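A structural walkthrough
For reference, the chains in residue letters:
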Amino acid sequence: METPSRILDLFQSYLNGLDIPTEPAGLYTPARYALSLGGKRMRPLLMLMAYNIYRDDLERCMDAACGMEIFHNYTLLHDDVMDNADMRRGKPTVHVKWNVNTAILSGDAMAFLAYRYLLRVDAGCVNKVLSIADRTFIEVSEGQQFDMDFESRNDVREEEYMEMIRLKTSVLPAAALKIGAVVAGASDRDADALYAFGEKMGLAFQLQDDLLDVYGDPKVFGKKIGGDILCNKKTYLYIKARSMADAAQNRELDRWAEYDGPDMQAKIAAVTAVYDSLDIRDCCRRKINDLYSEAMHQLEGMDVERGRLENLIGYAGGLINRQL
């Protein structure tokens, strides 16, 4: 078995050599640029680690892993347009470097390119792989729509939020794991267990992101702290605070939600103070730990030696234990 770092190196080398078209340049150059910005490559790495549980010939799953990474980056192009984001991984976003129309059209092309690479899996499993991908890609769009709907609501419930992030964030790594298992020839039971594992880990990962956005070290987290508060995002922390706050605390949250003044640091500090008074940080941490335990439980019935799962378990644990 290969280590996660070795798998990542192999994947990056394969991704760099992809036969993505070059013409028209206005369509494909932005797509290449988006893929060149790096990132964790979490989804293809999970797919390849799942495959590597059963087989060692990783090149057999590389095209499918590339398809998953291309699809993920397509969603980022469109997300950046919808969020009017200027930067992505320290570089100008595609709609800033080029324009909005380019970002939309290049993103569309990337969505179809994703299918091109997924179709390159062995013929015996292609229908099953595409079925997983079809369902997943639609669910990601559904999750994004729910997220947009929540922007205009102040009554979002915890269970609604968890379903939204399941769709928007969790199903993609879950599908990556399941596809890796399917391409490797794993049993349906093992493939389903890996999907459930990825789903729980994806939820924990997003809640960790919510937590880091308020309490993280900017040098470690990689971006400024408090962005979700400034944008009035309905995160787990915010929704939990609303459900636990008394009348005075809810009025304080209302006041800062409507604030449009110059002192945005004061807004971050005030909302964080409400969170602190309610021990929201500990509530979120406990929820993350519960989800992690549920994820580990999904692996218990798999028909593989425990040692074959250690790389995956270690990598997943690292994702949800990022430094605060």
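Residues numbered from 1 in each chain as written. Predicted model: local features only at pLDDT ≥ 70, side-chain atom pairs only at ≥ 80, totals over all residues. Heavy atoms only, no water.

Looking at the nonpolar core
Tyr161, Leu194, Phe197, Leu207 and Tyr275 are the most contacted members of the largest nonpolar core, which totals 111 residues. No other element matches helix α8 (residues 158-184), which puts 15 residues into this core. Beyond its immediate chain neighbours, meaning those up to four positions away, Leu207 contacts Tyr161, Met162, Ile165, Tyr236, Cys284, Lys287, Ile288 and Leu291. (Core = buried A, V, L, I, M, F, W, Y, C linked by side-chain atoms within 4.5 Å. Buried < 20%, exposed > 50% of the residue type's maximum accessible area, 1.4 Å probe, protein only. Helix = DSSP H or I, 4+ residues; strand = E, 2+ residues; numbered from the N terminus. Contact = heavy atoms within 4.5 Å.)

With respect to the pattern of salt bridges
The final tally for this structure, using the stated rule, is 24 salt bridges. The closest approach of N and O atoms between Glu158 and Lys287, which form a salt bridge, is 3.9 Å. Of this pair, Glu158 sits in helix α8 while Lys287 sits in helix α15 (residues 280-298), and the two are 129 residues apart along the sequence. Under the relative-accessibility criterion, Glu158 is labelled partly exposed at 23%. (Salt bridge = Lys/Arg side-chain N within 4 Å of Asp/Glu carboxyl O.)

Here we look at the packing of helix α4 (residues 62-83) against helix α6 (residues 100-118)
Between α4 and α6, the shortest axis-to-axis distance is 8 Å and the interhelical angle comes to 160°. By the angle between their directions, the pair α4 and α6 is classed as roughly antiparallel. Crossing handedness for the pair α4 and α6: left-handed. Contact residues: α4 offers Asp63, Ala64, Gly67, Ile70, Phe71, Asn73, Tyr74, Leu77, His78 and Val81, while α6 offers Val100, Ala103, Ile104, Ser106, Gly107, Asp108, Met110, Ala111, Leu113, Ala114, Tyr117 and Leu118. (Axes fitted to C-alpha atoms, helices over the stretch in contact; angles between N-to-C directions. Parallel < 35°, antiparallel > 145°, perpendicular 65-115°, else oblique. Left-handed = near helix turned anticlockwise from the far one by under 90°.)

Quick notes on the packing of aromatic side chains
Applying the stated criterion across every chain, the model contains five aromatic pairs. Relative to Phe137, the ring of Tyr115 has its centre 5.5 Å away and its plane inclined at 80°; by these criteria the two rings are edge-to-face. Here the residue Tyr115 occupies a position in helix α6, and Phe137 occupies one in helix α7 (residues 126-150), the gap between them amounting to 22 residues. Ring-pair connections join several aromatic residues into one group, and the members of that group are Phe71, Tyr74, Tyr115 and Phe137. Note that Lys97 overlies the ring of Trp98, its terminal NZ or CZ placed 5.6 Å from the centroid. Lying across the ring of Tyr195, Lys178 places its NZ or CZ 5.7 Å from the centre. (Phe/Tyr/Trp six-rings, centres within 6.5 Å; stacked < 30°, edge-to-face > 60°. Lys NZ or Arg CZ within 6 Å of the ring centre and 35° of its normal.)

Details of unusual backbone geometry
Geometrically, the link from Glu23 to Pro24 is a cis peptide bond, its omega value of 0° lying close to zero. The phi angle at Asn84 is positive, at roughly 55°, despite the residue not being glycine. Topologically, Asn84 is positioned in the loop between α4 and β1 (87-88). On the basis of relative accessible area, Asn84 is assigned to the exposed category, the value being 58%.

Focus: the environment of Val214
Its location among the elements puts Val214 in helix α9 (residues 188-215). The contacts of Val214, once residues within four sequence positions are left out, are Ile225, Ile229, Leu237, Thr272 and Tyr275.

By themselves these figures say nothing about function.
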